[in-house]
Every structure is written in structure tokens, then in C-alpha cells.
Amino acid sequence: MTAESIQSPAARDAFASDPAEARQEIRNYTMNFGPQHPAAHGVLRLILEMDGETVQRADPHIGLLHRGTEKLAESKPFNQSIGYMDRLDYVSMMCNEHAYVAAIENLLGVTPPERALWIRTMFDEITRILNHLMWLGSNALDLGAMAVFLYAFREREELMDVYEAVSGARMHATYYRPGGVYRDLPDHMPKYRESKWRKGGSLKRFNEWREGSMLDYLEAFTRDFPARVDEYETLLTDNRIWKQRTVDVGIVTKEEALAWGMSGPMLRGSGIEWDLRKKQPYAKYAEVDFDIPLGRNGDCYDRYLVRVAEMREANRIIQQCVKWLKANPGPVMLENHKVSPPSREAMKDDMEALIHHFKLFSEGYSVPVGETYAAVEAPKGEFGVYLVSDGANKPFRCKLRAPGFAHLSSMDAIVRGYMLADLVAMLGTYDVVFGEIDR
């Protein structure tokens, strides 16, 4: 019997159990993936056209977390929008701040003190590790590996303590300021108190790293962290199930990566050596030694390996920053009180300092007419801020370039033909955060 004879109306009637079934037409069906789905990573709504388990079309619907950040930034003084930057990619807080304050510094024509630039470099890399740990844990959880999530959050908590010690907040730090950083690194770290869960030898072990300054704490962390990354790799890198879910899934060729405007691990996972820290160095990246990890095949597995290698390189950079900061004390903020506030002590007995403080926090500062674009190599890719100034104390135009927006736009082209389960792996490897995509 030939294929043509099976598809003939007579053959269909013969195989059908009733006349209604004989008239049935098999079509693709449409289904919603998200925004409630836990693997949708926030508020993504994907409308999928499915042929059985195979994805024929994926239409991302975004905007469910749109908060008008760019317009809000255009309605208030420059410094009052730094906190909004933390809330864009809320897993890469200080990297977002860095791009925004760098754009303001470009317009003002000021350069922060050297120590402030080293602190920014160090905290950018702390943020990179925080981001990749969150990505590693959540992506593994999406694909069925529960333990990695718990391991990754163990180290995240240690670095969140650094955020809290330096800014008072564990997530939305607002630590970077035009002209430097809010304050110098603290001389001591907060310690765990005795409780029914931590006491005696256990409490002493938890507080072992916290006996000295923040730099001593980070030095201890960077010595310990490579062994922790080894633990993640033991769980995943040669894991048979992990490789079945990621190898040859979501392949992005070099040409596709360039055509879709990809950056960060999405671009480097396809084998293109592009990293703003090397190609257009900012802060103190030109003075630290690190390598750019590259993938070969452009699949989910390669992007996993790239991000794990990036955590190791970020650890190296933090070690170099700690060494320099220990040896070189100094100012962390410009002494220009048109841009940076005077000290509390100066305000008590100097009328001019009091006026500077009042003007800075009520009216802000006016920026010369002009436009600028400042970009940083954020953990997810190139995060850029385009500012236009008309000479006022707030931006005339603020446009944010979010890496996740460009990545998500390629969803339909990349996942077409893969299975539904592979779509989850691909969505995880994009590392999307909707704060920056919807803005």
C-alpha cells in the first residue's frame, strides 16, 4: 500500500471508527506559555503554535511589567533616577547603575577618583557572579535539577552581605553616584549573632571571615569560591540528563547572533569574541588580567560553560581589585560640591556647605547641553544608556538599551522546530529579566 493510497478519502473512511472522525482535519493548536508559568521567568507570555510536541511558532508578548522607567527618568533630577536603574535588571543592580552614572559623567565631563573606579570594577564583577549564580540555579531548576539552586544561593547570600554592608540594601543598592561611589568600603563586616541555630563552634565558623574588613572578607570569599564552582560543575557539567537537555538545543550560529543584535554570553557562546571590558575598556578593566570564555557550537550547553567560566574570571578580577584597594587608600568621591554632597561635619559649621547640600538634594545640578551613550558589559550583555541633555537638571531624553530585549526578539527564529521541553531550556539560556525588557 502506497502513502498516496493511505491518504485517499476512501482509505480515511475505512480506518475511521465513525463518520465524524473521517471528516476530522488535523491542525496545529495554539497554547499559552506563561505569564503564570514558573519557567517563564517573570511575566513573559508566549503564544505557541504546536504540532504535537513540536514548536512551529513562538510569539512573545511583552509589556506586562512596563513601568515607564525612561519617562520617569525624564521627569526628575539626574541623581533621583539612580534607584530606578537597580530595578531594571534586578539581578544585575550595580551594573545598571554604572552605565547610567557613566553617561551623566560623560555629559558633565568629570572623572571619578581612581579608588572609586577600582571599587566600581570590583562591584561590577561581584554583580556578575550574583547574576550568574541566580541564572545557574534557576535554569537548573527549570530543567529538573533541584540541588544546584540551593548550592548557588549559598554563595549568593555571602555576596548579598557585601551589598548590604556597603549600601544598607541587599538588592537595590543605589551605591554608584556621578563622581564616584556613595562611601568608602566599611572597616568591618556585620557578624552573625548567637541563636538556637548558630552557637558555639558553629557560630565561630560562620563568623570566621567576618573578623576583619570587607576587603578581608572578599579575599576569603575569592579563595573559597573556585571550589564552590567545582561543586556546581560536578553536579552538572558531565551529568547525562543535563547534557541531554542542553547539548545541540537552541543552536545560535555566529551569523544569527550578529543579525539579532545579541551580546554577552549569548554572543560569546556562539564563538564571537566580543566583550566591552576588553574592546572598549571602562573603569579599571584595562588594568586587570582576565580571559574571555568562548563557546564553539552556540547551543545551550556552550552558553552554560561560558557563564560558569565567567564566574571564575570574575573571581580573578575581584582578587586583583582587593589587592589594589588594600594598598591604595584615598577619596572615593569628587570634591566638587556642585555634583557631590559635602560631609555632614562640614554642613554643621559652614553655611556654603549647607547651601550646596540643600541645592543638590532639592534641585540637583544642571548638565551641559549635549548627548551621550554609555555602555557596560552587564552579565546578560551590553546594557547601554543614551542621554540627551538640554541644559536642565533632568534628562531631555533617556533611552535604555537592554540586552534581554534583543535576545527575546530572536525567540521565534531560534526555537522553531524544537520540542516544547527544549523551549524551556532556550528561555532559561536567554537569562531574561523583565524589569529591563519591559522597562
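Here the structure is a predicted model, which means the values were calculated and not measured.

### Quick notes on the environment of C321
Here's step 1: If you trace the backbone, C321 turns up in helix 15 (residues 300–327).
Here's step 2: The spacing of C321 and A406 is 85 residues in sequence and 32 Å in space, taken between C-alpha atoms.
Here's step 3: When residues no more than four places from it in sequence are discounted, the contact partners of C321 are W118, T121 and M122.

### So, the layout of surface pockets
Here's step 1: Taken as a whole, the largest pocket encloses approximately 340 Å³ of empty space.
Here's step 2: E158, Y192, R205, F206 and W209 are, among the 14 residues lining the largest pocket, the residues nearest its centre.
Here's step 3: Among the secondary structure elements, those contributing two or more residues to the lining of the largest pocket are helix 8 (147–167), helix 9 (201–206) and helix 10 (214–236).
Here's step 4: Broken down by element, the lining of the largest pocket gets its largest block of residues, four residues, from helix 8.

### A few points about unusual backbone geometry
Here's step 1: We note that D248 has phi near 60°; this positive angle belongs to a residue other than glycine.
Here's step 2: Considering the arrangement of structural elements, one finds D248 in the loop between helix 11 (240–246) and helix 12 (254–259).
Here's step 3: Even without a glycine there, the phi angle at R439 is positive, about 55°.
Here's step 4: In this fold, R439 is placed in the segment after helix 21 (434–438).

### Quick notes on the sheet that holds strand 3 (residues 54–61)
Here's step 1: Ordered by their spatial adjacency, three strands build an open sheet running 1-2-3, and the pairing between neighbours is antiparallel. Two strands close off the open sheet at either side, each with one partner strand: strand 1 (29–33) and strand 3. In this sheet, adjacent strand axes meet at a mean angle of 25° when their direction is disregarded.
Here's step 2: Inspection of the sheet shows strand 2 (residues 45–51) paired to strand 3 by seven bridges, in the antiparallel sense. Opposite I47, over in strand 3, you have D59 as the bridge partner.

### Regarding the pattern of salt bridges
Here's step 1: Within this structure, the stated rule accounts for 34 salt bridges.
Here's step 2: Close ionic contact of E74 with R397 constitutes a salt bridge, the shortest N to O distance being 3.1 Å. You can see E74 sitting in the loop between helix 4 (69–73) and helix 5 (82–86) and its partner R397 sitting in strand 8 (residues 397–401), a full 323 residues away along the chain.
Here's step 3: Since its relative accessible area comes to 13%, E74 is described here as buried.
Here's step 4: Between D161 and R170 there is a salt bridge, with the nearest N and O atoms lying 2.9 Å from each other.

### As for the sheet that holds strand 8
Here's step 1: Across the sheet, which stays open at both edges, the three strands sit in the order 6-7-8 with antiparallel pairing between neighbours. In this open sheet, the two edge strands, each paired with only one partner strand, are strand 6 (370–378) and strand 8. Here the strands of the sheet are splayed against their neighbours by 10° on average, with no regard to which way each runs.
Here's step 2: As paired strands, strand 7 (residues 381–389) and strand 8 are joined by five bridges and run antiparallel to one another. Within strand 8, the position partnered with G384 by the bridge is R401.
Here's step 3: Its contacts with the sheet place helix 6 (residues 93–108) against strand 6 and strand 7, and it is angled at close to 150° to strand 6.

Each value, and the rule that gives it
Residues numbered from 1 in each chain as written. Predicted model: local features only at pLDDT ≥ 70, side-chain atom pairs only at ≥ 80, totals over all residues. Heavy atoms only, no water. Helix = DSSP H or I, 4+ residues; strand = E, 2+ residues; numbered from the N terminus. Contact = heavy atoms within 4.5 Å. 1 Å grid on protein atoms, 1.4 Å probe; cavity = no way out; pocket = protein on both sides within 12 Å on 5 of 7 lines; lining within 4 Å. Points joined across faces, edges and corners; volume = space filled by probe spheres on them. Pairing = 2+ DSSP bridges. Axes fitted to C-alpha atoms, helices over the stretch in contact; angles between N-to-C directions. Salt bridge = Lys/Arg side-chain N within 4 Å of Asp/Glu carboxyl O. Buried < 20%, exposed > 50% of the residue type's maximum accessible area, 1.4 Å probe, protein only.

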